[in-house]
Amino acid sequence: HLPVVESGRLVGVVSDRDLYPNEKEIALDPDAACSTRTIAELLKGNLTTVSPEDTVVTASVEFVMHKIGCLPVVKDEKLVGILSELDMLVAFARSWRDGLLDPDADQPPIGDLMSTHPLAARPETSVSEAITMCRSLGARHLPVVDGETLVGIVSDRDLRRCASAGQAQETTLEQVMEREPLTIGPRAPSPEAAALMATAKVSALPVVDDGRLVGILTLTDLLDHCMNALRDPESYSA
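It should be emphasised that the depicted structure is a prediction, and the values quoted were computed from it without experimental measurement.

A word on the environment of Gly211
Position of Gly211 among the secondary structure elements: in the loop between strand 9 (204-209) and strand 10 (212-218). Here Gly211 falls in the partly exposed class, since its relative accessible area comes to 36%. Through-space distance from the C-alpha of Gly211 to that of Val151 is 9.9 Å; in sequence the pair is 60 residues apart. Ignoring any residue separated from it by four or fewer positions in sequence, one finds Gly211 in contact with Glu148, Thr149 and Leu150.

Re the pattern of salt bridges
Per the stated rule, a full pass over the model turns up five salt bridges. One salt bridge connects Asp146 with Arg122, and the closest N-O pair in it is separated by 3.8 Å. Of the two residues, Asp146 is situated in strand 6 (residues 141-146) and Arg122 in the loop between strand 5 (115-116) and helix 6 (127-137); the sequence distance between them amounts to 24 residues. When its relative accessible area of 38% is taken as the criterion, Arg122 is described as partly exposed. Residue Arg187 is joined to Asp209 by a salt bridge in which the shortest nitrogen-to-oxygen separation is 3.0 Å. Of this pair, Arg187 sits in the loop between strand 8 (178-179) and helix 9 (190-200) while Asp209 sits in strand 9; the two residues are 22 residues apart in sequence, bridging distant segments of the chain.

Some details on the nonpolar core
Most often, soluble globular proteins have nonpolar side chains that are buried together. Of all hydrophobic cores here, the largest spans 19 residues; its most connected members are Leu89, Ile110, Ile184, Met197, Val207, Leu217 and Leu222. Among the elements of the structure, helix 4 (85-97), helix 5 (110-113), helix 9, strand 9, strand 10 and helix 10 (219-229) are those that each provide at least two residues to this core. For this core, the element with the highest residue contribution is helix 9, accounting for four residues. Contacts of Leu89, omitting those with residues within four sequence positions, involve Ala194, Met197, Ala198, Leu219, Leu222 and Cys226.

Comments concerning the pairing of strand 3 (residues 70-75)
Of all six residues that make up strand 3, five are buried, and the element is covered over most of its length. The pairing of strand 3 with strand 4 (residues 78-84) spans six bridges and is classified as antiparallel. Paired with Cys70 across the two strands is Ser84, which belongs to strand 4. Counting the residues between successive antiparallel strands, the hairpin from strand 3 to strand 4 contains two residues, one of them, Asp76, with a positive phi of roughly 55°.

Remarks on the packing of helix 6 against helix 7 (residues 156-164)
At a minimum axis separation of 10 Å, helix 6 and helix 7 run at an interaxial angle of 135°. On the basis of their axis angle, the class for helix 6 and helix 7 is oblique. Here the hand of the crossing between helix 6 and helix 7 comes out left-handed. For the pair formed by helix 6 and helix 7, the contact residues are Val127, Ala130, Ile131 and Cys134 on the first element and Leu159, Cys162 and Ala163 on the second. Across the contact of helix 6 with helix 7, the residue classes tally to seven nonpolar, no polar and no charged.

Remarks on helix 9
Given 3.6 residues per turn, any residue in an α-helix points the same way as the ones three and four places further on. Those residues of helix 9 that sit buried are Ser190, Pro191, Ala193, Ala194, Ala195, Met197 and Ala198. Trailing helix 9 by a residue or two, Lys201 shows a phi angle of about 55°, which is positive.

Describing the pairing of strand 2 (residues 9-14)
Where strand 1 (residues 2-6) lies against strand 2, five bridges are found, and the strand directions are antiparallel. Directly across from Leu2, in strand 2, lies its bridge partner Val14.

Remarks on unusual backbone geometry
The phi angle at Asp76 is positive, at roughly 55°, despite the residue not being glycine. By the element assignment, Asp76 lies in the loop between strand 3 and strand 4. Non-glycine residue Asp210 carries a positive phi angle of around 55°. Tracing the chain through its elements places Asp210 in the loop between strand 9 and strand 10.

Cut-offs and rules
- Residues numbered from 1 in each chain as written.
- Predicted model: local features only at pLDDT ≥ 70, side-chain atom pairs only at ≥ 80, totals over all residues.
- Heavy atoms only, no water.
- Helix = DSSP H or I, 4+ residues; strand = E, 2+ residues; numbered from the N terminus.
- Buried < 20%, exposed > 50% of the residue type's maximum accessible area, 1.4 Å probe, protein only.
- Contact = heavy atoms within 4.5 Å.
- Salt bridge = Lys/Arg side-chain N within 4 Å of Asp/Glu carboxyl O.
- Core = buried A, V, L, I, M, F, W, Y, C linked by side-chain atoms within 4.5 Å.
- Pairing = 2+ DSSP bridges.
- Axes fitted to C-alpha atoms, helices over the stretch in contact; angles between N-to-C directions.
- Parallel < 35°, antiparallel > 145°, perpendicular 65-115°, else oblique.
- Left-handed = near helix turned anticlockwise from the far one by under 90°.
- Nonpolar A, V, L, I, M, F, W, Y, C, P; charged D, E, K, R; others polar.

Next comes the structure, spelled out in structure tokens:
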């Protein structure tokens, strides 16, 4: 994410997803990948911000309610920082390491938080087909399986990057997927997943049991839980 500042005032934020054109835009303009559009044309209204004094609970609510990936931190109308979803996981993992979480209520196993029966594709699936699959459910990550065995994962970022190069039709997931992705088991505690995702800077973990894909855990799944686990406003601030 890049904050956009004009004359010292924050006017918006752009993400890499905003910068990569989608297949429809490329079909209308084959040169869309080299567009001369300005950043101003990509900015959206209703910019959501937090202050340095806000708690991580407040930030978690903003992330989940607005379905955004970052929050600019503003004080006296000046940009002083930026908070990402991964930063929230760092706070959650830190509170776990410091012994501040309720071992019963705040540390459920991954199996209680993950999405079961995740949308998955096969290695020979084309990037174009995978984009359609992700759009059908609003998914940002697509596990790749051979039978029931996980063999890779792709993100919508990977897919959009390929589409922006005009290669979505002829490229298969086997060519662009992340091989041997990080995984976690369904019985692992949720703070362990938060620490793993924050350290590796990934926003989804396939959940594997005995080599079989049984679910997927996303940042959104964990943020929903973080809102309740990080509920003491005196303990942590953004």
